[in-house]
Amino acid sequence: MSTRVPTSFVVVIGLMLFALFFGAGNLIFPAMLGQTAGEHIWSANAGFLVTGVGLPLLGVLALGFSGKDDLQSLASRVNPVFGLVFTVVLYLAIGPLFAMPRAGTVSYEIGVHPFVLQYLGEDAGFWPLLVFTVIFFSIACFFSLNPAKIVDLVGKILTPLKLTFIGILVLVAFINPIGPFQAPRPEYMTHAFSKGFQEGYLTMDTLASFVFGIIIINAIKQKGAKTKGEIMKICVQATVIAAVILAVIYTALSYMGASSVSELGHLDNGGTVLARVSDYYFGSYGAILLGLMITVACLTTSVGLITACSAFFHKLFPSVSYKAIAITLSVFSAVIANIGLTQLIAISVPVLTIIYPLAIVLIFLTFLHPLFKGRTEIYQGSLILTFIVSLFDGLGDAGVHITFIDNLFGSILPLYSIGLGWIVPAIVGGVIGYIVSLLVSKSYYKEETSN
């Protein structure tokens, strides 16, 4: 007998999913993409929507479709060791090493630092950032210690606040655009779609989808849905809600960034773009509006990340309490946040370049799992070749260029020059894995019949 879940709950889940995904980077990167893409904004934005909206929501659906309770179980279809290593690396990346500290640092840089400069000047030192990050992560930790309340907290309270702040800014930008689009920067002159596709990596949302998917699916189960069909139905409905909101806001922010160049010129980063646009429309009130918007966006994401990461590491190390892990992660993130935003982004890019393709391939293999009957060799072949290419891409982003490899891959791999050279190897690896699985099965059959 199917369980009827109220429409209001589906809406809350959809808003919650949007809020969990939409953090600081999701505000900054579309605005900067608009500035740099200029007249090529629509193709660049389309690429960004693939990795910033489509793939993350596919990740949530893939987890529900798989019937697995967590990412480690899903990734262990490749190999148990891979399942553990990949899951730990992913949780560290979207947790205390990159995403969580970035949330605190971005909140400070955009929401607080302008006021520090105005009232305390350049000589304020490191104290304002330190004080802010301690307060920020203390609040995030407090809410994370009550994970059962996360649906109400994020879906009913913080999300409407965030949507209000964002809506005011983008609505004004659409009604009264600053100016016409300008010529794109060199990196967007050609292959704007693929460049936008890669920019979506920086949101880390496809990685986070495996984590947030667990929160969503558990919330759905708690509401009474039990079968895979019931869970998937609600997941699809919720992801449609989240997808529409995300796509509209990303497009609006990209448009706002593209229309700002004629008046404001090309700026250094998306945070500066948002700050200058807010000041253009609202003056001093713009800084307050932007500060609230950024802080709420970062706080909602941080609560979700601390909750998810703490639950995972508590499961991995059951002797350590959830509370102790949540506090430890919050303290560690506050410390790392004081390194600075520029350094955090610089360190994260190579790591994301390596692991993002693996996550994307795992998502698609999950949906194809019934088709190839879950043959382990297909998972392994596809992901091994994907990793080989993405590893050298990541080394290149880190400034480590191996000329022979670059020349070799550039000559034999389609799309390698635009950072998508892993796609064909992923397909080829899957085909090789299928052939190997047939040979193994045939050999096993002969062995059994001979006995």
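Residues numbered from 1 in each chain as written. Predicted model: local features only at pLDDT ≥ 70, side-chain atom pairs only at ≥ 80, totals over all residues. Heavy atoms only, no water.

K.L.:
Explain the overall build of the protein chain here, please?
P.N.:
Counting its regular elements, the protein chain contains 18 helices and 0 strands. Expected size for 451 residues packed as a compact globule is a radius of gyration near 22 Å; at 22 Å, the protein chain falls within 12% of this value. Seen through its principal axes, the protein chain has C-alpha atoms that stretch 85 × 55 × 40 Å. Per-residue burial over the protein chain gives 54% buried out of 451 residues. Summarising the internal contacts of the protein chain: among those between residues at least 6 apart in sequence, 82% fall at separations of at least 24. For the protein chain, the exposed area adds up to about 19,400 Å²; of that, 68% sits on carbon and sulfur atoms. Positive and negative side-chain charges of the protein chain, numbering 21 and 20 respectively, have mean locations separated by a distance of 17 Å. (Helix = DSSP H or I, 4+ residues; strand = E, 2+ residues; numbered from the N terminus. Rg over C-alpha atoms; globule rule 2.2 N^0.38 Å. Buried < 20%, exposed > 50% of the residue type's maximum accessible area, 1.4 Å probe, protein only. Contact = heavy atoms within 4.5 Å. Areas by Shrake-Rupley, 256 points an atom, 1.4 Å probe, with all protein chains shown as cover. Lys, Arg positive; Asp, Glu negative; His and termini not counted. Charge placed at Lys NZ, Arg CZ, Asp CG, Glu CD.)

K.L.:
Just to check I follow, could you spell out the packing of aromatic side chains for this structure?
P.N.:
Geometry of an aromatic ring pair is reported as the spacing of the ring centres plus the angle between the planes. Taken as a whole, this structure holds 23 aromatic pairs when the rule is applied. Seen in terms of ring centroids, Phe-142 and Phe-143 are 5.5 Å apart; in terms of plane orientation they differ by 65°. Their pairing is edge-to-face. What makes Phe-142 exposed here is its relative accessible area of 53%. For Phe-143, a relative accessible area of 29% translates into the label partly exposed. Directly above the aromatic system of Phe-65 lies the positively charged group of Lys-228, at a separation of 4.4 Å from the ring centroid. (Phe/Tyr/Trp six-rings, centres within 6.5 Å; stacked < 30°, edge-to-face > 60°. Lys NZ or Arg CZ within 6 Å of the ring centre and 35° of its normal.)

K.L.:
Before we go on, may I ask you to explain helix 1 (residues 7–21) in this structure?
P.N.:
Compared with an ideal rise of 1.5 Å per residue, which puts 15 residues at 21 Å, helix 1 spans 21 Å between its outermost C-alpha atoms and is within 8% of the ideal. Among the 15 residues in helix 1, 12 count as buried, and that is most of the element. The set of residues buried in helix 1 consists of Phe-9, Val-10, Val-12, Ile-13, Gly-14, Leu-15, Met-16, Leu-17, Phe-18, Ala-19, Leu-20 and Phe-21. (Expected span 1.5 Å × (residues − 1).)

K.L.:
Which parts of the structure should I look at to understand the packing of helix 11 (residues 228–264) against helix 12 (residues 270–282)?
P.N.:
Packed helices, taken two at a time, are described by their axes: the angle between them and the distance between them. One way to put it is that helix 11 packs onto helix 12 with a least axis distance of 10 Å and a crossing angle of 70°. Looking at the two axes, helix 11 sits roughly perpendicular to helix 12. Contacts between helix 11 and helix 12 involve Leu-253, Met-256, Gly-257, Ser-260, Glu-263 and Leu-264 from the former and Val-273, Leu-274, Arg-276, Val-277 and Tyr-280 from the latter. The residue makeup of the contact of helix 11 with helix 12, split by class, is 7 nonpolar, 2 polar and 2 charged. (Axes fitted to C-alpha atoms, helices over the stretch in contact; angles between N-to-C directions. Parallel < 35°, antiparallel > 145°, perpendicular 65-115°, else oblique. Nonpolar A, V, L, I, M, F, W, Y, C, P; charged D, E, K, R; others polar.)

K.L.:
Sorry, what's going on with the packing of helix 1 against helix 11 here?
P.N.:
One way to put it is that helix 1 packs onto helix 11 with a least axis distance of 8 Å and a crossing angle of 50°. Of the possible angle classes, the one that applies to helix 1 and helix 11 is oblique. Where helix 1 crosses over helix 11, the two elements pack in a sense that is right-handed. On the side of helix 1, the interface is formed by Val-10, Val-11, Ile-13, Gly-14, Leu-15, Leu-17, Phe-18 and Phe-21, while helix 11 contributes Ile-234, Gln-237, Ala-238, Thr-239, Ile-241, Ala-242, Ile-245, Leu-246 and Ile-249. Looking at the contact of helix 1 with helix 11, its residues break down into 14 nonpolar, 3 polar and no charged. (Left-handed = near helix turned anticlockwise from the far one by under 90°.)

K.L.:
Quick question: what am I supposed to make of the side chain of Ser-302 here?
P.N.:
Secondary-structure assignment places Ser-302 in helix 13 (residues 284–316). At 2.9 Å, the side chain of Ser-302 forms a polar contact with the backbone oxygen of Cys-298. Excluding residues that lie within four positions of it along the chain, Ser-302 makes contacts with Ala-103, Phe-136, Ala-140 and Ser-144. (Polar contact = N/O pair within 3.5 Å; in protein donor to acceptor, adjacent residues only side chain to side chain.)

K.L.:
Would you explain the side chain of Ser-330 in this entry?
P.N.:
Looking at where Ser-330 falls in the secondary structure, it is placed in helix 14 (residues 322–337). Reaching out from Ser-330, the side chain makes a polar contact with the backbone oxygen of Ala-326 at a distance of 2.8 Å. Setting aside chain neighbours within four positions, we find Ser-330 in contact with Phe-137, Cys-141 and Ile-306.

K.L.:
Any chance you could explain the pattern of salt bridges here in plain terms?
P.N.:
Any two side chains of opposite charge can pair, on the condition that their charged atoms come close. This structure, assessed with the given rule, holds 3 salt bridges. Across the salt bridge formed by Asp-69 and Lys-221, the nearest N and O atoms sit 3.1 Å from each other. One end of the pair, Asp-69, is in the loop between helix 3 (41–66) and helix 4 (71–75); the other, Lys-221, is in helix 10 (residues 205–222), and 152 residues separate them in sequence. Residue class for Asp-69 comes out exposed when judged on its relative accessible area of 51%. Residue Lys-221 is classed as partly exposed on the basis of its relative accessible area of 35%. (Salt bridge = Lys/Arg side-chain N within 4 Å of Asp/Glu carboxyl O.)

Read these as spatial facts, not as claims about activity.
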